[in-house]
Amino acid sequence: MKIARFSHAGTIAFGIIDDDELVVLTGDPMFAGYNPTGARLPLVDVALLAPVIPRSKVVGLAGAYFADAAEKAAALAAPGEPAEPRFFLKPNTTVVGPNDPIVLPAASDDVRVEGELAIVIGRVAKNLSVADAPGAIFGYTIANDVTAVDLAEGSGHGARAKSFDSFCPLGPVMDTEFDPTDGRVLGRVNDVEFQSGEVSLLAFSMAEIVSFLSHSFTLLPGDVILTGSSSAARRVSHGDTASIEIPGLGVLTNPVRRPA
């Protein structure tokens, strides 16, 4: 089911999407369950927000995709120890929602965007086996991993380059039944496509990703994992519009702004 976090009449709430309406819930379904209030709202009358605000962290994967099916097949057939996911952290203050601006920091002249499938963790996860890891996944959403590339390359300050406010748009909804094995990630800037990739080219399954990270640190309900990008990131400038689409999850759109 598709879950939205939204604002309406000065109130923030959660709802289940039912065609062009929202079935309003009594609370965050991750903690309060799927209890309806009895109210329904037209989708056109609400403002969609980031479907989740991570309680502690956003985890991003780096270099997690194969270039194509042939490279994946060759890697899986090669002897030796399997590779481990490489990851970085983004603070939860990077998270914004649909239509919120990506704010270009004064310190950077080369900010780039890339679309990614994101895992939302639904329960405390520590030292999980691969077999048990799917039980910790609450759902999936779309992410735009934004990076100030010149800061990462010039000073090697990768953490700063990933951590500016607004550098992790999420949305528009969270889907608890989405099949990630059949996903496709499309990225556009000003309606010009720069990214098109199959989630099937990920080097690791969703369960392997969650299991590995849970052995590195405790994953908490609401934590978000960005599963990486299969394509080169695209540079954005003031006035641009970045859109990330994953069929079945929708389209996440954000304007790009540099403060005066």
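I will try to describe carefully the structure that is included in this document. (Residues numbered from 1 in each chain as written. Predicted model: local features only at pLDDT ≥ 70, side-chain atom pairs only at ≥ 80, totals over all residues. Heavy atoms only, no water.)

**So, the pairing of strand S1 (residues 2-8)**
Heads up, the condition is: Any two strands with at least two DSSP bridges between them are considered paired. Going along the chain from the N terminus, every DSSP run of H or I of four or more residues is numbered as a helix, and every run of E of two or more is numbered as a strand.
Two strands pair when backbone bridges link them, and S1 and strand S14 (residues 168-175) are joined in this way by two bridges, in the antiparallel orientation. Bridge pairing in S14 places Ile3 opposite Met174. Strand direction decides the pairing type here: S1 and strand S2 (residues 11-18), joined by six bridges, are antiparallel. By the bridge assignment for S2, Ile3 is matched with Ile16.

**Examining the sheet that holds strand S15 (residues 184-189)**
The strands making up a sheet are joined through hydrogen bonds of the backbone, oriented either antiparallel or parallel. Pairing within the open sheet is mixed, and its five strands lie in the order S9-S20-S19-S15-S16. Strand pairing shows two members of the sheet lacking a second neighbour, strand S9 (102-103) and strand S16 (192-198), which therefore form its edges. Examined bridge by bridge, S15 and S16 share six bridges and lie antiparallel to one another. Across the sheet, Val189 pairs through a bridge with Val192, a residue of S16.

**Section: the pairing of strand S20 (residues 250-257)**
Summarising the sheet, S9 and S20 pair through two bridges and their orientation is parallel. Counterpart to Ile102 in the pairing with S20 is Val256. Strand direction decides the pairing type here: strand S19 (residues 241-246) and S20, joined by six bridges, are antiparallel. Residue pairing across strands places Ser243 opposite Thr253, the latter belonging to S20.

**Digging into the sheet that holds strand S13 (residues 147-148)**
Read from one edge to the other, the open sheet built from three strands follows the order S13-S10-S18, with strand pairing classed as antiparallel. Across the chains shown, the open sheet's two edge strands, defined by having one partner strand only, are S13 and strand S18 (234-236). The sheet contact formed by strand S10 (residues 111-113) and S18 spans three bridges and is antiparallel. Residue pairing in the sheet places Val113 in a bridge with Arg234 of S18.

**Looking at the pattern of salt bridges**
Keep this limit in mind: Here, a salt bridge means any Lys or Arg side-chain nitrogen found within 4 Å of an Asp or Glu carboxyl oxygen. For every residue, the accessible area obtained with a 1.4 Å probe (protein chains only) is divided by the maximum for its type, and the residue is called buried under 20%, exposed over 50%, and partly exposed between those limits.
The final tally for this structure, using the stated rule, is 12 salt bridges. Arg40 serves as the salt-bridge partner of Glu21, at 2.8 Å between the closest nitrogen and oxygen. With Glu21 in strand S3 (residues 21-25) and Arg40 in strand S4 (residues 36-42), the pair connects residues that are 19 residues apart, well separated along the chain. Close ionic contact of Arg112 with Asp110 constitutes a salt bridge, the shortest N to O distance being 2.7 Å. Taking relative accessible area as the criterion, Arg112 reaches 27% and is therefore assigned partly exposed. Since its relative accessible area comes to 10%, Asp110 is described here as buried.

**Brief notes about helix H5 (residues 206-214)**
The periodicity of an α-helix, 3.6 residues per turn, causes residues three or four positions apart to be oriented the same way. Rule in force here: Working rule for contacts: check all heavy atoms of both residues, and any pair within 4.5 Å makes them a contact.
Counting buried positions along H5 yields seven of nine residues, so the element is predominantly enclosed. Looking only at H5, the buried set comprises Met206, Ala207, Ile209, Val210, Ser211, Leu213 and Ser214. In this fold, the buried residues of H5 make contact with strand S6 (58-62), strand S7 (86-90), strand S11 (115-121), strand S12 (137-144) and strand S17 (224-226).

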